[in-house]
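Inside the fold
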Amino acid sequence: TYFLDIQTTMDFRPFVPQLYDCTLQKLKSPEVDQEVKERAIACMGQIISNMGDALLNELTTCLPIFMERLLNEITRLSSVKALTMIAASPLCINLSPILNEVIPALGTFLRKNQRALKLNSLALLETLVNNYANYFEPRLLQKAIAELPPLLNESDLHVAQLSLTLLTTTAKKQPQAIQDVHAEIMPEIMILVKSPLLQGTALTCTMNLFQALVQANLPKLTYRQLLNMLMQPVMETQQTQLHKQAYHSLAKCIAALTLQMPSEATTIASEFLSGIQQRHSDIHLIFYLLTIGEIGRYFNLNTIEALPQTILSCFASPSEDVKAAASHALGAIAVGNLTHYLPFILQEIEAQPKRQYLLLHSLKEVITSLSTTKQGLEQLMPSVPVIWQQMIKHCECSEEGSRNVVAECLGKLVLVNPEELLPRLQQALHSDSSLMRTAAVSAIKFTISDQPQPIDALLRQSIGQFLHALQDPEPAVRRVALVAFNSAVHNKPSLVRDLLPELLPQLYSETRVKKELIREVEMGPF
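The following paragraphs examine the structure supplied in this document. (Residues numbered from 1 in each chain as written. Predicted model: local features only at pLDDT ≥ 70, side-chain atom pairs only at ≥ 80, totals over all residues. Heavy atoms only, no water.)

**Some remarks on the environment of P138**
The line we're drawing: By definition, any uninterrupted DSSP run of H or I lasting at least four residues is a helix, any uninterrupted run of E lasting at least two residues is a strand, and each is numbered from the N terminus. Here, residues are in contact when the closest pair of their heavy atoms is within 4.5 Å.
In this fold, P138 is placed in helix α7 (residues 138–145). Separated by 32 residues in sequence, P138 and T170 have C-alpha atoms that sit 9.3 Å apart. In contact with P138, not counting residues within four places along its chain, are Q174, Q176 and A177.

**Some thoughts on helix α17 (residues 320–336)**
Each full turn of the α-helix corresponds to 3.6 residues, which orients residues three or four apart in the same direction. Put simply, the rule is: What a helix should span is 1.5 Å times the count of its residues minus one. Relative accessibility decides the category of a residue: with a 1.4 Å probe and only protein chains considered, values under 20% of the type maximum give buried, values over 50% give exposed, and everything between is partly exposed. Here a polar contact is recorded for every N or O atom pair within 3.5 Å, except that within protein the pair must consist of a potential hydrogen donor and a potential acceptor, and residues adjacent in sequence are included only if both atoms are side-chain atoms.
Taking 1.5 Å as the rise per residue, α17 with 17 residues should run 24 Å; its terminal C-alpha atoms sit 25 Å apart, in good agreement. Where burial is concerned, most of α17 is hidden: 13 out of the 17 residues are buried. Measuring from the backbone nitrogen of D321 back to the side-chain oxygen at the start of α17 gives 3.3 Å, which picks out S319 as the cap.

**Describing the packing of helix α22 (residues 400–416) against helix α23 (residues 418–428)**
Using the following cut-off: With axes taken as lines fitted to C-alpha atoms, and helix axes fitted only over the stretch in contact, angles between N-to-C directions fall between 0 and 180 degrees. Our angle categories are set so that under 35 degrees counts as roughly parallel, over 145 as roughly antiparallel, 65 to 115 as roughly perpendicular, and the remainder as oblique. Here a crossing is called left-handed whenever its near helix is offset anticlockwise from the far helix by less than a right angle, and right-handed whenever the offset is clockwise. Residues are grouped as follows: Ala, Val, Leu, Ile, Met, Phe, Trp, Tyr, Cys and Pro are nonpolar; Asp, Glu, Lys and Arg are charged; all remaining types, including Gly, are polar.
One way to put it is that α22 packs onto α23 with a least axis distance of 6 Å and a crossing angle of 140°. Judged by the angle between their axes, α22 and α23 are oblique. α23 is crossed by α22, and the crossing has left-handed handedness. Contacts between α22 and α23 involve L413, V414, L415 and V416 from the former and P418, L421, L422 and L425 from the latter. Considering only residue class, the contact of α22 with α23 consists of eight nonpolar, no polar and no charged.

Take a look at the structure:
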């Protein structure tokens, strides 16, 4: 049934008619059983997808049969899958004989309860819009698009994601199809944006849609109108707060919009900055800070002189959420202009001991964001020695929360340059300071992930030294060694499998109750 995409000199054309005729017989036959029918549909889909250029005269016979099978309840799912294969074929098969019937049929399938049918129908519609937008009228597609609002909700994020992808492709290829139905679609998208479940790929698809809508420049969906739409949930909120994730989603969508209108970036950031300076409610502050951060991630905002100090002033807020948003924003704007803002953050960490924890979180945001892409790594690499030096200085700071963030930053930096920095972390294991040893063992936990990493080979050789801390005389060091051991066992067992004979006795010894470690605390007159 399956034909591989292999370069070959063999002339396959003499065999095509025979393959086609055999499959066509089974495809047309009403007597064959259900499984054979489904296989015949899939097989014919493969034949046309791979060899359709040798069957141009047969398409007018074969495609209407596909249409019949599509309208039959028993074979419609198999037909949708086969047509998706054909529509995605690089041979650009001529589907004009059935296009005007297929699209409305797919629209009706979106109302059905069968989840697999919905998913495959959305995939086929998106493929048709992407490859055949010039072959059918926008009003034909509009009827299918009108069926999307009920699918744009958090109850099934995979269906919502495919619906968003279809809308994005439509906005790029046939924007007129959205023009008269956007009033029903946009409110559903705004409810989705406010959902705490909208994260990862689904959030990326939402951002892509907003970008495509800005590019389409449809009436009532201009940049400013979409911006107002995204600001409205926060501006309307009085007593009931949105979920924390909603502020991040709204901020990311506004930044995605602004990416398509670079001339607006500094203007919008300045408007939001004046909103921060006017000190509205905490809800507005969180939203403004996160949005400025997301815009600053993509654009250099160093022309706004008051920006860093205004964000720093929010560190004094009594609200923990405002402080966290300010910390995130400072790290995000540094991603957009590392040479200008990184020295500022490092200098403030040194100068402001009381704000160290929040500033370290800003630094963590910089490292995390820039270490995910090749371009980001190129930006970050020259600054790694300076950051490392600063972090090592703060491994022994008095506040435990700050020490934990320092350890995470060290672990993430080791991932950026393992050959040079892993040996330095090993040296810290021999320090006389128990806090330094704790930081080194904690840091190693952040280098272990469940995905393959370039550091794995080096880690396999050296992790035994870090886990040897299970025998450290200091209980705090032993505790973080147990946490690192647990992380390795769960995420990458291959790192510790060979070390189990010597590590397990140490682990078992820690399960004994040690009276000298029990502390008694007076809790009051309960």
